Amino acid sequence: MTHGLPEPAGALAPDAATWLEAALAEASAAAGRADTAAAPWELRFAAAGRHCGQDRADTVRVLLLHRATAGAATLTRLYDRGTAAERRAVLLALPERVSGPDALPLVEDALRTNDTRLVEAAVGPYAAAHLDAHAWRHAVLKCLFTGVPLDTVAGLAERAHGDAELARMLRDFAAERTAAGRPVPADLHRALQLTGEES
């Protein structure tokens, strides 16, 4: 298992499994090399959905990133030139591939989009560990605004606890929705409870 994603090989058709074996071998061959130029396995990264199916593409791409020991430079290159699906895989791989804040610009970029697939991937363990308080609060609001379930926000309970500023932002958001005649997301009330400042 890699990053909580199931290994795909057992469920793949023979042609796809053969393709994946070759892709992983290419990625392994590139492991430990300089992180400065595109390598052949990166073409496999882009083609994962076509060869293994869109439902397994995240898993396959994350496996490739791990086999290649992709660092921040490679992850940034793949993110910058990738489709939304490829960007999602990069975001999912961040917690195990980047130990410091070097990849925060990727998370921040994803949180500026309204693509719920990217927002959901961006609020994982890497964001929980590295986003500062201001950016993290806005990430929580972004989830509420776009309909991304707060269950996907890693470390929500720990970071929300005692956060009076988050509580204020949640109340303001709820008031704006109510004034506009729009429903207040149920997740908002749960987040407000987590702050300990619901009243």
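Up top you'll find the structure we're talking about.
Just so we're clear, the structure is a prediction, and the values are computed from it rather than from any experiment.

Looking at this structure, I do not really get the packing of helix α5 (residues 84–97) against helix α6 (residues 104–112). What am I missing?
In a pair of packed helices, the angle between the axes and the distance between the axes together describe the arrangement. One way to put it is that α5 packs onto α6 with a least axis distance of 11 Å and a crossing angle of 130 degrees. Here α5 is positioned oblique relative to α6, judged by the angle of their axes. Here α5 and α6 pass one another in a crossing that is left-handed. Counting all contacts with α5, which are made through R87, V90, L91 and L94, the residues of α6 involved are L106, V107, D109 and A110.

Before we go on, may I ask you to explain the side chain of R87 in this structure?
When you line up the elements, R87 lands in helix α5. Among the polar contacts listed, one links the side chain of R87 to the backbone oxygen of Y79, at a separation of 2.7 Å.

It is not clear to me how unusual backbone geometry should be interpreted in this structure. Could you clarify?
Most peptide bonds adopt trans geometry, and most residues besides glycine take a negative phi value. Phi is positive for T69, close to 45 degrees, though the residue is something other than glycine. Among the structural elements, T69 can be located in the loop between α3 (57–67) and α4 (72–81).

Looking at this model, I keep getting lost on the environment of S99. Mind explaining?
You can see S99 is positioned in the loop between α5 and α6. The exposed category is assigned to S99, whose relative accessible area is 73%. For the pair formed by S99 and R87, sequence separation is 12 residues and the distance between their alpha carbons is 19 Å.

I keep staring at helix α1 (residues 14–30) and nothing clicks. Help me out?
Count 3.6 residues to each turn of an α-helix, and residues three or four apart come out pointing the same way. Here α1 is 17 residues long and its end C-alpha atoms lie 25 Å apart, about the 24 Å a rise of 1.5 Å per residue gives. Where α1 is concerned, the buried positions are A16, W19, L20, A23, L24, A27 and A30. The buried side chains of α1 occupy one side of the element, clustering within an arc of 135 degrees when seen end-on. Those residues of α1 that are exposed and aimed more than 90 degrees away from the buried face are P14, T18 and E21. On its buried side, α1 packs onto α2 (41–52) and α3. In the stretch just after α1, G32 is the one whose phi turns positive, near 85 degrees.

Which parts of the structure should I look at to understand empty space enclosed by the protein?
The gaps left among the atoms become clear once a water-sized probe is rolled over them. According to the stated counting rule, one finds 1 cavity of 30 Å³ or more in the structure shown. If you go around the largest cavity, the residues you meet are L91, L94, P95, V107, A121, A122, G124, P125, Y126 and A127. Among the elements of the structure, α5, α7 (116–122) and α8 (125–130) are those that each provide at least two residues to the lining of the largest cavity. Class assignment of the residues belonging to the lining of the largest cavity gives a composition of 9 nonpolar, 1 polar and no charged.

Whenever I open this one, the nonpolar core confuses me. Can you help?
One recurring pattern in soluble globular proteins: nonpolar side chains tend to sit buried together. Core analysis: the largest hydrophobic core is formed by 64 residues, its most contacted members being W41, L91, L94 and V107. Examining the composition of this core, we find that 7 residues originate from one element, α1, more than from any other. Setting aside its immediate chain neighbours within four residues, L94 contacts L75, A103, L106, V107 and Y126.

Conventions used here
Residues numbered from 1 in each chain as written. Predicted model: local features only at pLDDT ≥ 70, side-chain atom pairs only at ≥ 80, totals over all residues. Heavy atoms only, no water. Axes fitted to C-alpha atoms, helices over the stretch in contact; angles between N-to-C directions. Helix = DSSP H or I, 4+ residues; strand = E, 2+ residues; numbered from the N terminus. Parallel < 35°, antiparallel > 145°, perpendicular 65-115°, else oblique. Left-handed = near helix turned anticlockwise from the far one by under 90°. Contact = heavy atoms within 4.5 Å. Polar contact = N/O pair within 3.5 Å; in protein donor to acceptor, adjacent residues only side chain to side chain. Buried < 20%, exposed > 50% of the residue type's maximum accessible area, 1.4 Å probe, protein only. Expected span 1.5 Å × (residues − 1). Arc of directions from axis to C-beta. 1 Å grid on protein atoms, 1.4 Å probe; cavity = no way out; pocket = protein on both sides within 12 Å on 5 of 7 lines; lining within 4 Å. Points joined across faces, edges and corners; volume = space filled by probe spheres on them. Nonpolar A, V, L, I, M, F, W, Y, C, P; charged D, E, K, R; others polar. Core = buried A, V, L, I, M, F, W, Y, C linked by side-chain atoms within 4.5 Å.

Purely geometric stuff here, so don't read any function into it on its own.
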